[in-house]
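# Coordinate inspection notes
Below are the chains, spelled out letter by letter.
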Amino acid sequence: MSFITGVGLTAFGRHEGSSTLDLMSRAAELAIADAGLKRAEIDGILCGYTTIKPHIMLATVFAEHFGIKPSYAHAVQVGGATGLAMTMLAHTIADAGIARHVLVVSGENRLTGQSRDAAIQTLAQVGHPDYEVPLGPTIPAYYGLVASRYMHEFGVTQQDLAQFAVLMRDHAITHPGAQFRDKITVADVMASKPVAMPLKLLDCCPVSDGGVAFIVSREATSEIGVRVLGCAQAHTHQHVTAMPALSELGAEIAIAGAKKAAGVEISDVRYAAVYDSFTITLAMLLEDLGLAPRGEAAARVRDGYFSRDGAMPLNTHGGLLSYGHCGVGGAMAHLVETQLQMTGRAGNRQVRDASVALLHGDGGVLSSHVSMFLERVR
Amino acid sequence: MSGALGMEDWTTGAEAIVYQSCRACGSVQYFRRSFCAACGAAEPEDKRASGQGIVYATSLVVRGATPEARAHVPYNIVLVDTEEGFRMMAHGDPNLNIGDRVTARYVRFTGRLIPYFARTE
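Quantities reported herein were computed from a predicted structural model and do not represent experimental measurements.

## Here's the deal with the overall build of chain B
- A tally of regular secondary structure across chain B gives one helix and eight strands.
- Relative to its length of 121 residues, chain B is compact, with a C-alpha radius of gyration of 15 Å against a globular reference of 14 Å.
- Projecting the C-alpha coordinates of chain B onto the three principal axes gives extents of approximately 45 × 30 × 20 Å.
- Counting all 121 residues of chain B, 36% fall into the buried class.
- Long-range pairs, those at least 24 residues apart, make up 45% of the contacts in chain B with a sequence separation of at least 6.

This is the structure:
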């Protein structure tokens with residue numbers, strides 16, 4: 001068994017003058033305090049990667065900087081799926097008795113630590129060096145390709161996709177730490193600058209500075225525990241050129257594995273935290289995961305199904321699209337928000353019932369997937 | 001880049017699209033390797049593609065990744081399902097639709113030769 005016993009999240013946006021280690025430290029301190037632990041009690045560390053200051057041993061660089069001597073430590077890299085992949089590993093490590101309290105931490109000054117051009121260029125390198133990158137694609141273009149096909153096969157429109165940007169913004173407005181908190185409409189999304197069609201600026205998540213951490217422990221440290229019920233991964237390809245058919249994507253494989261591991265069904269889920277790097281990502285994943293029938297996720301957004309007071313509240317902090325995206329930490333913020341909701345600590349964002357949550361992370365171009373179920377226990 | 005024995009193609013500056021065909025299981029693959037990714041058999045055969053295919057997906061890039069690419073915007077990135085059975089990325093006419101039959105030619109982009117698809121006449 002394992003529990004998410006503490007969470008820490010900084011505001012996302014500009015943290016002028018803060019380094020990767022600064023942001024990681026701030027988040028780690030918050031998470032350790034939230035779990036009611038002392039630094040010395042942390043005996044495992046998992047961290048993500050940083051594109052600003054890459055290091056071959058980031059976990060131990062951080063451990064030394066932060067002042068802890070763990071018995072287990074290393075970094076993990078699966079793009080946007082890293083946060084949940086680390087959580088799955090931390091769960092495994094805690095469950096196996098290898099560590100008692102695993103600190104999962106990531107942070108990056110991705111916005112102020114480099115130029116926007118450098119950020120776009122670095123990320124575009126996930127393309128194939130010989131067969132894709134020379135053609136000048138960007139991450140939005142990889143997802144734009146997938147979007148064009150998905151819209152073609154399932155009759156989804158650009159206005160449909162815009163609904164997801166509006167929903168995430170509506171949620172972000174209620175969170176003081178969100179990078180973007182001005183209300184937007186479908187018309188605003190449609191009128192925003194084209195980036196890689198059919199995706200426009202407001203269909204894309206921003207680049208942010210931020211830090212996120214949580215503690216995965218063998219036992220609960222407070223009265224209300226958030227237990228990891230089960231998780232699974234799927235990795236079907238790396239490059240968009242090698243992507244399987246839309247009906248064979250990894251999200252469906254990962255969720256099937258996680259349902260089996262956790263012994264739950266989608267009908268048991270009360271809160272959802274789903275990766276939303278682009279509006280198309282969220283639309284596709286919701287449908288792949290079974291949270292909406294094929295081609296109908298946008299209609300469910302319009303009906304309020306995924307709103308804070310809806311049947312399946314989704315990313316109530318505003319997601320990557322509006323809370324922000326600081327690399328690995330971006331998707332970890334989804335888990336922080338989920339833990340706050342499950343423990344009844346989400347304040348003005350609190351949903352009625354978050355007793356069982358489904359989390360899903362996606363890395364690369366819908367290539368690496370991690371699905372996870374959490375359950376509240378008393 | 002590609003193996004010294006491999007057939008020249010657009011990735012090495014030649015006006016050609018080359019793929020590999022497994023001598024053991026018959027699978028085709030586009031990304032060049034010294035083995036078949038489906039069955040593991042060594043030395044798949046290099047073959048030159050016809051340049052004919054059908055558009056699978058498109059994305060018109062308006063915000064370029066590099067200053068060099070920005071000089072070309074907007075440019076249409078396409079995925080094409082070739083008649084030989086592999087999928088490839090290339091550029092294409094801005095007005096292409098998914099499902100269009102297309103034929104490849106070659107253009108220069110950021111100082112390199114790249115494949116470019118237009119509707120088959």
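From this point, the discussion proceeds with the structure in view.
## What to know about the overall build of chain A
- A count of helical and extended segments in chain A gives twelve helices and eleven strands.
- Taking 21 Å as the expected radius of gyration for a compact globule of 378 residues, we find that chain A reaches 19 Å, a close match to that expectation.
- Along the first, second and third principal axes, the C-alpha atoms of chain A reach 55 × 45 × 35 Å.
- The proportion of buried residues among the 378 residues of chain A is 61%.
- A separation threshold of at least 6 residues defines the contact pool for chain A, and within that pool the share at least 24 residues apart is 78%.

## Thoughts on the sheet that holds strand β1 (residues 18-21) of chain B
- Read from one edge to the other, the open sheet built from three strands follows the order β2-β1-β3 (chain B), with strand pairing classed as antiparallel. On the outer flanks of this sheet lie β2 (28-29) and β3 (45-48) of chain B, each paired with one strand and no other.

## Focus: the interface of chain B and chain A
- In this assembly, 30 residues from chain B lie in contact with 24 residues from chain A.
- For the side of chain B that touches chain A, the secondary structure elements donating two or more residues are β4 (52-61), β5 (75-82), β6 (87-92) and β8 (112-119) of chain B.
- Residue contributions to the side of chain B that touches chain A peak at six residues, all from β4(B).
- Residues belonging to the side of chain B that touches chain A are distributed by class as follows: 19 nonpolar, eight polar and three charged.

## Concerning the packing of helix α3 (residues 82-95) of chain A against helix α12 (residues 328-342) of chain A
Residues and elements named next belong to chain A.
- Look at α3 against α12: their axes get within 7 Å of each other, and the N-to-C directions meet at 60°. Comparing the axis directions of α3 and α12 gives the class oblique. Residue-level contacts link Thr-82, Gly-83, Leu-84 and Thr-87 of α3 to Val-328, Ala-331, Met-332 and Leu-335 of α12.
- Here the residues of the contact of α3 with α12 sort into five nonpolar, three polar and no charged.

## Some remarks on the environment of A:Cys204
Residues and elements named next belong to chain A.
- Here Cys-204 lies in the loop between β6 (199-200) and β7 (209-217).
- On a C-alpha basis, the gap between Cys-204 and Ala-165 in space is 8.4 Å, while along the polypeptide they are 39 residues apart.
- Setting aside residues no more than four positions away along its own chain, Cys-204 makes contact with Pro-140, Val-195, Leu-199 and Phe-278.

## Digging into the confidence of the model for chain B
- Summarising the model, chain B shows a mean pLDDT of 95, and 96% of its residues fall at 70 or more.
- The ipTM assigned to the predicted complex is 0.96, against a pTM of 0.96.

## Overview of the pairing of β6(B)
Residues and elements named next belong to chain B.
- Most of β6 is tucked away, with five of its six residues classed as buried.
- Sheet analysis places β5 next to β6, joined by six bridges and oriented antiparallel. Each bridged residue has a counterpart across the sheet, and for Val-80 the counterpart in β6 is Met-88.
- Hairpin connection, β5 to β6: the antiparallel pair is bridged by four residues, and Gly-85 has positive phi, about 105°.
- Taken together, the two bridges between β6 and β8 define a ladder with parallel strand orientation. Bridging from a neighbouring strand, Gly-92 pairs with Phe-117 of β8.

## Regarding unusual backbone geometry
- The linkage connecting A:Met197 with the following residue, A:Pro198, adopts the cis geometry, with an omega of 10°.
- Note on placement: A:Pro198 falls in the loop between β5 (194-196) and β6.
- Going from B:Val73 to B:Pro74, the amide bond is cis rather than trans, its omega being -5°.
- In this fold, B:Pro74 is placed in the loop between α1 (67-70) and β5.

Reading guide: rules and limits
- Residues numbered from 1 in each chain as written.
- Chains lettered and ligands numbered in written order.
- Predicted model: local features only at pLDDT ≥ 70, side-chain atom pairs only at ≥ 80, totals over all residues.
- Helix = DSSP H or I, 4+ residues; strand = E, 2+ residues; numbered from the N terminus.
- Rg over C-alpha atoms; globule rule 2.2 N^0.38 Å.
- Buried ≥ 20, exposed ≤ 12 C-beta atoms within 10 Å, placed from the backbone.
- Contact = placed C-beta atoms within 7 Å.
- Pairing = 2+ DSSP bridges.
- Nonpolar A, V, L, I, M, F, W, Y, C, P; charged D, E, K, R; others polar.
- Axes fitted to C-alpha atoms, helices over the stretch in contact; angles between N-to-C directions.
- Parallel < 35°, antiparallel > 145°, perpendicular 65-115°, else oblique.
- pLDDT = per-residue confidence, 0-100.

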